[in-house]
Amino acid sequence: MVAPTLSFENEVFAKFAFYAGVVLLKTVIMSGWTARYRLPRGVFISSEDYVGRSGQTMKIDEDVERTRRCHLNDIENVLPFVLIGLLYVLTGPTVASATLHFRLFAGFRLFHTIAYMFILPQPSRAIAFFVGFGVNISMAITVIRAGMF
Amino acid sequence: MVAPTLSFENEVFAKFAFYAGVVLLKTVIMSGWTARYRLPRGVFISSEDYVGRSGQTMKIDEDVERTRRCHLNDIENVLPFVLIGLLYVLTGPTVASATLHFRLFAGFRLFHTIAYMFILPQPSRAIAFFVGFGVNISMAITVIRAGMF
Amino acid sequence: MVAPTLSFENEVFAKFAFYAGVVLLKTVIMSGWTARYRLPRGVFISSEDYVGRSGQTMKIDEDVERTRRCHLNDIENVLPFVLIGLLYVLTGPTVASATLHFRLFAGFRLFHTIAYMFILPQPSRAIAFFVGFGVNISMAITVIRAGMF
């Protein structure tokens, strides 16, 4: 009997779940990373969070803002990757082609975070962004073609 | 015959679909909630929305901004929950363990919205956030381990 | 033998994958669209991106901001559509009902982008938004009811 497409016995799906799990975990961790800056520095997002903290007023912190931008960039790229990737797995790609897509995306996404948070000189962040962008476009076109016919 | 993992005959999936549906519905409703404040108060997001509204200029409304922050927080937490949760269902968890994860996330997420919109004193919103954060981390690790071997 | 629900042999799923692929592709393209404005105009998101660009300081560009708002609106609407839609496909809707939901959402979402980027007079953008909103609510309720019983 053939294993269902969406099962860990299917090598393409198992690889997808692994890489999707890694980049989703990274995205979720960005929330906690923001909180780690906010609390010790007393930089909060809502005016009501300052109640009872005398002498503190709303302010902009450069590191908090950088973490937030990095997090939003993940939301804009990682979530579409997982959604497109899941549909792409169902088109039945070869293991080689699928693994190439997933590895490129996950590798350059981790590098994107490092480039953002440790302020590596451009174009490192731009390259990391465009590789992920290309992977998403490539998988989306495969899905649309499979759904069309 | 065993029911497919992703079918409503599988109790784990049915529970996941129910709780995921509830938190997704809540997230989508936040968009309409913002609109409900914007229209009567004449507070719009784009300068072109003010065309033909004499005497109105772009302004910041505290309630609109709070609703938007609450909505963005849902985007950052609910969408990863549904994606990680779907992969987690495919790892074949026990009904008890899966239900605990889904209930904790959905319950504290609804509480998070109440705490945000009705401005409950901290740390209520922080606790609500961190419970959901923990559920997502726990499920993501389960998925990564299942995909690794 | 009946084809699995999540396979391109299932007409409802194939249509879903097609329309989900189209709106996800559109969402991903919005990132590149922002970059297309940023680079020639020298309008960047992080202060470190200005290093080595003498005479340029951080500024707000109306077109960049419009593209970003349009992109964020996609994130808030398209990603929930794909997640709710996938669960909705698993509730086993009729082809006619499912196609109506997917087509309405995808058609009005493309129109939303046109209305936003080419600044069509309101309420064109508002109508486009509310049709997609209604489709998401309708599918979410179907999913919740299926998961409840």
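- Under an unreviewed UniProt entry, chain A has the name Microsomal glutathione S-transferase 1 and belongs to Ruditapes philippinarum.
- Under Subunit (unreviewed entry), UniProt gives the following word-for-word description of chain A: "Homotrimer; The trimer binds only one molecule of glutathione."
- Chain A has a UniProt comment under Catalytic activity (unreviewed entry) that states "RX + glutathione = an S-substituted glutathione + a halide anion + H(+)".

**Topic: the overall build of chain A**
Then, number 1: A tally of regular secondary structure across chain A gives four helices and zero strands.
Then, number 2: In chain A, the succession of α and β elements from N to C terminus is α-α-α-α.
Then, number 3: Counting across all 149 residues of chain A, residues that qualify as buried make up 57%.
Then, number 4: Taking the intrachain contacts of chain A between residues at least 6 apart in sequence as the baseline, contacts between residues at least 24 apart amount to 68%.

**As for helix 2 (residues 62-89) of chain C**
Then, number 1: Spanning 28 residues, helix 2 of chain C covers 40 Å between terminal C-alpha atoms, matching the ideal 40 Å at 1.5 Å per step.
Then, number 2: Taking burial as the measure, the 28 residues of helix 2 of chain C include 24 buried ones, the bulk of the element.

**Section: the relation of the copies chain B and chain A**
Then, number 1: Turning chain B through 120° and shifting it by 0.0 Å along the axis lays it on chain A, with an RMSD of 0.0 Å. The symmetry that links the two subunits is that of a three-fold axis.

**A short note on the interface of chain A and chain C**
The parts lose accessible area when they come together, and the size of an interface is often stated as this lost area.
Then, number 1: With 31 residues of chain A at the contact, the number on the chain C side is 30 residues.
Then, number 2: Where chain A abuts chain C, roughly 2500 Å² becomes buried across the two surfaces, and 77% of that area is made up of carbon and sulfur atoms.
Then, number 3: On the chain A side of the interface with chain C, the three residues burying the most area are Glu76(A), Leu83(A) and Leu87(A), jointly 22% of the side's total.
Then, number 4: Along the contact surface separating chain A from chain C lie zero salt bridges.
Then, number 5: Secondary structure elements with two or more residues in the side of chain A that touches chain C: helix 2 (62-89) and helix 4 (124-148) of chain A.
Then, number 6: Of all the elements, helix 2 of chain A adds the most residues to the side of chain A that touches chain C, at 13 residues.

Conventions adopted
Residues numbered from 1 in each chain as written. Chains lettered and ligands numbered in written order. Predicted model: local features only at pLDDT ≥ 70, side-chain atom pairs only at ≥ 80, totals over all residues. Heavy atoms only, no water. UniProt positions renumbered as here; feature names shortened; annotations may be inferred. Helix = DSSP H or I, 4+ residues; strand = E, 2+ residues; numbered from the N terminus. Buried < 20%, exposed > 50% of the residue type's maximum accessible area, 1.4 Å probe, protein only. Contact = heavy atoms within 4.5 Å. Expected span 1.5 Å × (residues − 1). Least-squares fit on C-alpha atoms with pLDDT ≥ 70 in both. Buried area = accessible area lost by both parts, 1.4 Å probe. Salt bridge = Lys/Arg side-chain N within 4 Å of Asp/Glu carboxyl O.

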